[in-house]
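Okay, here's what each chain looks like letter by letter:
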Amino acid sequence: MDPLSDVLSLLRPQGQFYAGFDAAGDWSFAFPPHKGIKFTAVMRGSCWGVVEGQQQPIRLNEGDCFLLNSGHGFVLSSDPALPAASGEAILEAAARDGIAVHDGGGEVFLISGRFSFSGSHAAVLFDALPPIVNIPRASAQAEVLRWLLDQWAAELRGRQPGSALMSTHLAHLMLVQVLRLFLDSATELPPGWLLALTDPQISPAIAAIHAQPARRWTLEDLARVAGISRTVFAQRFKALVGSTAMDYLARWRMLMAADRLRSGNENVAAIAFSLGYESESSFSAAFKRIMACSPTQYRRQAAAPAAAGMPR
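These figures come from a predicted structure and were not determined experimentally. (Residues numbered from 1 in each chain as written. Predicted model: local features only at pLDDT ≥ 70, side-chain atom pairs only at ≥ 80, totals over all residues. Heavy atoms only, no water.)

Enquirer: Can you break down the overall build of the protein chain residue by residue, with the values?
Expert: For the protein chain, the count of helices and strands is 13 helices and eleven strands. The principal-axis extent of the C-alpha atoms belonging to the protein chain is close to 65 × 55 × 35 Å. Split into buried and exposed, the 312 residues of the protein chain put 46% on the buried side. Carbon together with sulfur atoms contributes 53% to the accessible area of the protein chain, which is approximately 15200 Å² in total. Charged side chains in the protein chain number 27 positive and 27 negative. The centres of these two groups are separated by 10 Å. (Helix = DSSP H or I, 4+ residues; strand = E, 2+ residues; numbered from the N terminus. Buried < 20%, exposed > 50% of the residue type's maximum accessible area, 1.4 Å probe, protein only. Areas by Shrake-Rupley, 256 points an atom, 1.4 Å probe, with all protein chains shown as cover. Lys, Arg positive; Asp, Glu negative; His and termini not counted. Charge placed at Lys NZ, Arg CZ, Asp CG, Glu CD.)

Below, the structure written as structure tokens:
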């Protein structure tokens, strides 16, 4: 697997709330901040979008799409000069009917979906992305994305048997494709693993860490994978990722451990040894330092929400 696949698999994106918005006339709606990542595409017409806290509106034309990062409110409108009304009624209609219609529709049609992520460490993805990732239709290599969008729109309109499952799989494919296109075209990214994936020397080192997290990696080993000197590797890794290579390795191990504690019944010792720790105590100390609680506490906290939702 590659680093992008590794992270998405670990976070287990779950597609939720697939819906359409069909509008005409003058309109402007403000949508509240959300958890997870929201994906929206303009299938017909054009409109404007403004991210909460940013003054510059974004023109969205037919075929364009964007990812909206977690925790950001957003305004969609036919004209950015219009005052924005609450978008709650639009969200409710879309959730109820699949497609929300405003003023009879027919001029602008958008489709949207939201991804939630398993566990409490999705910041590994959110922190690596800007508030909005805009992918214009004219982007290079966007042909696959356009095909996926057409299929997704057909599923939303047709509501055939199995459409929910089809929409889920199509949404996952679109999430990966949008991130690919973004990595190909991004010029400014905050420090993090996503930025590091754009570097031809640091990316192989991250892939090696992900592939063999239990290995006793040294800076020399990783520099050899990257094909550069130890000093240059250490400096470049810190500049791109925002942490040292050894800190990244430790955090990746803990994210893997957290996933297994949350989703399985392995004992702590087995997880510790499988990730390269010589004792349960050394693993537990590292886990508590990075995750701010012991492995046992983490497992208990992760199980509590699931138990609360079980029928009695």
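Having seen the structure, we can now continue with the description.
Enquirer: Run through a negative patch on the surface, naming residues and quoting values.
Expert: A cluster of acidic residues, Asp26, Asp79, Asp103 and Glu107, forms a negative patch at the surface. According to the relative accessible area criterion, Asp103 is exposed, its value standing at 56%. (Patch = residues over 30% accessible without salt bridge, like charges linked within 9 Å, V, L, I, M, F, W, Y side chains within 5 Å. Salt bridge = Lys/Arg side-chain N within 4 Å of Asp/Glu carboxyl O.)

Enquirer: Kindly report on helix 1 (residues 3-11), identifying the contributing residues and their values.
Expert: Burial analysis of helix 1 places seven of its nine residues in the buried class, which makes it a mostly covered element. Every buried residue belonging to helix 1 is among Pro3, Leu4, Asp6, Val7, Leu8, Leu10 and Leu11, and all of these are buried. In the segment just after helix 1, Arg12 is the residue with positive phi, at about 50°.

Enquirer: Account for helix 8 (residues 219-226), naming residues and giving values.
Expert: Turning to helix 8, its buried residues number three or more, namely Leu219, Asp221, Leu222, Ala223 and Ala226. At its buried positions, helix 8 is contacted by helix 7 (202-211), helix 9 (230-241) and helix 10 (245-263). (Contact = heavy atoms within 4.5 Å.)

Enquirer: Just give me the short version of the confidence of the model for the protein chain, but keep the residues and values in it.
Expert: Scored by pLDDT, the protein chain has a mean of 85; 91% of the residues are at 70 or more. Of the regions scoring below 50 in pLDDT, residues 307-312 engages in zero contacts with residues more than four places distant in sequence or in other chains. (pLDDT = per-residue confidence, 0-100.)

Enquirer: Describe the state of the cysteines, with residues and values.
Expert: The full count for this structure, using the stated rule, is zero disulfides. You can see Cys47 has no disulfide; the closest cysteine sulfur is in Cys65, sitting 12 Å from it. A relative accessible area of 0% places Cys65 in the buried class. (Disulfide = S-S within 2.5 Å.)

Enquirer: Explain the sheet that holds strand 8 (residues 85-86) residue by residue, including any values.
Expert: Strand order in the open sheet formed by five strands is 5-4-7-2-8, with mixed pairing between adjacent strands. With one partner strand each, in any of the chains shown, strand 5 (58-60) and strand 8 form the two edges of the open sheet. Examined bridge by bridge, strand 2 (residues 28-31) and strand 7 (residues 74-77) share four bridges and lie antiparallel to one another. Its bridge partner being in strand 7, Phe31 is matched across the sheet by Phe74. (Pairing = 2+ DSSP bridges.)

Enquirer: Give a description of the nonpolar core that names residues and reports values.
Expert: Counting residues in hydrophobic clusters, the biggest one holds 64 residues, and the most contacted among them are Phe39, Leu145, Leu149, Trp193 and Phe233. Top contributing element to this core by residue count: helix 5 (residues 163-185), with nine residues. If we ignore the near neighbours within four places in the chain, the residues touching Trp193 are Pro3, Leu4, Val7, Val124, Leu125, Ala128, Ile206, Val241 and Tyr248. Phe21, Ala93, Ala94 and Val108 belong to the second-largest nonpolar core, a separate cluster that totals 22 residues. (Core = buried A, V, L, I, M, F, W, Y, C linked by side-chain atoms within 4.5 Å.)

Enquirer: Give a detailed account of the pattern of salt bridges, specifying residues and quantitative values.
Expert: Any two side chains of opposite charge can pair, so long as their charged atoms come close to each other. Taken as a whole and judged by the stated rule, the model has seven salt bridges. Taking the shortest distance from any N to any O, the salt bridge between Arg44 and Asp22 comes out at 2.9 Å. Here Arg44 is found in strand 3 (residues 37-44), whereas its partner Asp22 is found in strand 1 (residues 14-23), with 22 residues between them in sequence. Taking the relative accessible area as the measure of exposure, Asp22 reaches 11% and is therefore buried. Two residues, Arg224 and Asp221, come together in a salt bridge whose shortest N-O distance is 3.3 Å. Pair noted here: Arg224 and Asp221 are both in helix 8, with a separation of three residues, about one helical turn.

Enquirer: Lay out the environment of Leu255 in plain terms, naming residues and giving numbers.
Expert: Inspection of the secondary structure assignment puts Leu255 in helix 10. Considering only alpha carbons, one finds Leu255 and Val7, 248 residues apart in sequence, at a separation of 9.6 Å.

Enquirer: Tell me about the packing of helix 10 against helix 12 (residues 280-291), residues and numbers included.
Expert: Helix 12 packs onto helix 10 with a crossing angle of 100° between their chain directions and a minimal axis gap of 10 Å. Taken together, the axes of helix 10 and helix 12 lie roughly perpendicular to each other. Every residue of helix 12 that contacts helix 10 at Ala250, Arg251, Met254, Ala257, Ala258 and Leu261 is listed here: Phe283, Ala286, Phe287, Ile290 and Met291. For the contact of helix 10 with helix 12, the per-class residue count stands at ten nonpolar, no polar and one charged. (Axes fitted to C-alpha atoms, helices over the stretch in contact; angles between N-to-C directions. Parallel < 35°, antiparallel > 145°, perpendicular 65-115°, else oblique. Nonpolar A, V, L, I, M, F, W, Y, C, P; charged D, E, K, R; others polar.)

Enquirer: Break down the pairing of strand 10 (residues 108-116) for me, with residues and values.
Expert: Strand 10 sits mainly inside the fold: seven of its nine residues count as buried. Pairing of strand 3 with strand 10, which is carried by seven bridges, proceeds in the antiparallel orientation. In the strand pairing of strand 10, Val42 is matched with Leu110.

Enquirer: Give me the pairing of strand 6 (residues 65-68): which residues, what numbers.
Expert: Judged by which residues are buried, strand 6 turns out to be covered on both faces: Cys65 and Leu67 on one side and Phe66 and Leu68 on the other are all buried. With four bridges joining them, strand 3 and strand 6 adopt antiparallel strand pairing. Residue pairing in the sheet places Phe39 in a bridge with Leu67 of strand 6. The pairing of strand 6 with strand 11 (residues 132-135) spans four bridges and is antiparallel. By the bridge assignment for strand 11, Phe66 is matched with Asn134.

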